[in-house]
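Here is what each chain is made of, one letter per residue.
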Amino acid sequence: MEAMPIALTVDDAPSVFAPGSPDFDPGRMDRVREALQETGVRHCVAFVIGERARDHREPLRRWLEAGYELGNHTEAHFAASRVGADAYLEGVRGCHALLNELGAFDGGRRAYFRHPFGDRGAAGGAREAIDRAIAQLGYTHADVTLNLHDYCYEAPFIAAAHTADAARQTRIRARYRRVADACVARAGKRGAAHWGAQFMHVAACHFGPLSEHELGGLVRDLGSRVAFRPLAEAIETPAYRRLAADLSHNGIAGDLLHRRLRDRALRKLARSTRRLGLFQQSRLGPCWPHLAP
Ligand SMILES: [Zn+2]
């Protein structure tokens, strides 16, 4: 079987938790990098949140030195639809200045941009203005087509850590691994059907404890089923270019893979049973995060 090509990215560098939170830990970025290096992943783009990285630049420098890339994920991680285009673009420029200072785009490295939450801004004028300004800064959009859903497990994991419940932490880690592996398999099957045979997935996880503990193991388990390719290759495929240029879609592009009739029905069921918690299972994180409301 031919290996499924994936461009791997990690969001919210250097930490998925904000400074001031007891779980803010920029050193986690180093441990994720070490896991990638140990498992032989040579290409990875980290999307940086400016205000969380400004006073913690060393992990970002080491990331670049290891041959990985940095992309812009705005200054304060606002959802574009919730703030005006001007405020949003100020955040884009703030992070851009930091990345330039770090030399993130030196030596022919390409500039990538990722909207927080996949949110491209309010439909219409604002979205177009944001899109134009980001292109003028020299950025290429890097939409997510393969969501590893690690963020669904951060809160239960941290809660278990704070109560020193090691058994529950182990169960959460195992559940996350099963889910992430299933997400890759499902995306491989459906991606080609949805976007065409040449399509290359862009996978995303975050600089949180699940990536820190499980990304290396996940890569090892995927083994020869997956080949980790540079993001530059993925965004050059015609299907991906169409996807990135499509301003009508908002949110994570990978969610388009779950618009099948059966999944739509399950999502609806999940919404209507939210109070029962069938799809939430908050103590361990969800079994089926791609169907969670
Ligand atoms: Zn993010």
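Since this is a predicted model, take the numbers as computed values, not measurements.

This part is about the overall build of the protein chain. The secondary structure content of the protein chain amounts to 11 helices and 8 strands. Here the C-alpha radius of gyration of the protein chain, 18 Å, is about what a compact globule of 293 residues would show, namely 19 Å. By its C-alpha atoms, the protein chain is 45 × 40 × 40 Å across when sized along the principal axes. With 293 residues in all, the protein chain has 40% of them scored as buried. Restricting to contacts in the protein chain with at least 6 residues of sequence separation, those with at least 24 account for 81%.

As a further point, take the nonpolar core. With 70 residues, the main nonpolar core has Ala13, Ala46, Val48, Leu146, Val202 and Leu231 as its most contacted residues. For Val202, the residues in contact, after removing those within four places along its chain, are Ala7, Thr9, Ala142, Asp143, Val144, Thr145, Leu146, Leu231 and Ala234.

What follows concerns helix α7 (residues 166-195). Its 30 residues place the ends of α7 42 Å apart at the C-alpha level, agreeing with the 44 Å of an ideal helix rising 1.5 Å per residue. Its maximal kink placed at Lys189, α7 deviates by approximately 25°. Turning to α7, its buried residues number three or more, namely Ile172, Arg175, Tyr176, Val179, Ala180, Cys183, Val184, Ala187, Gly191 and Trp195. On its buried face, α7 is in contact with β6 (146-147), α6 (154-162), β7 (201-206), α8 (209-222), β8 (226-228) and α10 (238-245). Gly196 sits one or two positions beyond α7 and adopts a positive phi of about 105°.

For strand β1 (residues 4-13), the buried fraction is high: 9 of the 10 residues fall into the buried class. Here β1 runs beside β8; their pairing, made up of 3 bridges, is parallel. Paired with Met4 across the bridge in β8 is Val226. Here 6 bridges tie β1 to β7, and the two strands are oriented parallel to one another. Bridge pairing links Ile6 to His201 in β7. Here 3 bridges tie β1 to strand β2 (residues 45-48), and the two strands are oriented parallel to one another. Within β2, the residue paired with Ala13 across the bridge is Val48.

Cut-offs and rules
- By convention here, each chain's residues receive numbers from 1 onward along its written sequence.
- For this predicted model, a pLDDT threshold of at least 70 governs which residues receive local features, and a threshold of 80 or more governs which side-chain atom pairs are given and counted, while totals over whole chains, interfaces and linings are taken from all residues.
- To qualify as a helix, a DSSP run of H or I must reach at least 4 residues; to qualify as a strand, a run of E must reach at least 2; elements of each kind are numbered from the N terminus.
- In this treatment the radius of gyration is a C-alpha quantity, and the globule benchmark scales as 2.2 Å times the residue count to the 0.38 power.
- Whether a residue is buried, exposed or partly exposed follows from its count of other C-beta atoms within 10 Å of its own C-beta, namely 20 or more, 12 or fewer, or something in between, respectively; the C-beta atoms are built from the backbone.
- By the criterion used throughout, residues are in contact when their C-beta atoms, derived from the backbone, lie within 7 Å.
- A set of buried Ala, Val, Leu, Ile, Met, Phe, Trp, Tyr and Cys residues, joined to one another through C-beta atoms within 7 Å, is what we call a nonpolar core.
- To estimate how far a helix should extend, the number of its residues minus one is multiplied by 1.5 Å.
- What is called the bend at a residue is the angle between a pair of axes, fitted to the seven residues leading up to and ending at it and to the seven starting from it.
- Here a strand pair is declared whenever DSSP counts at least two bridges between the two strands.

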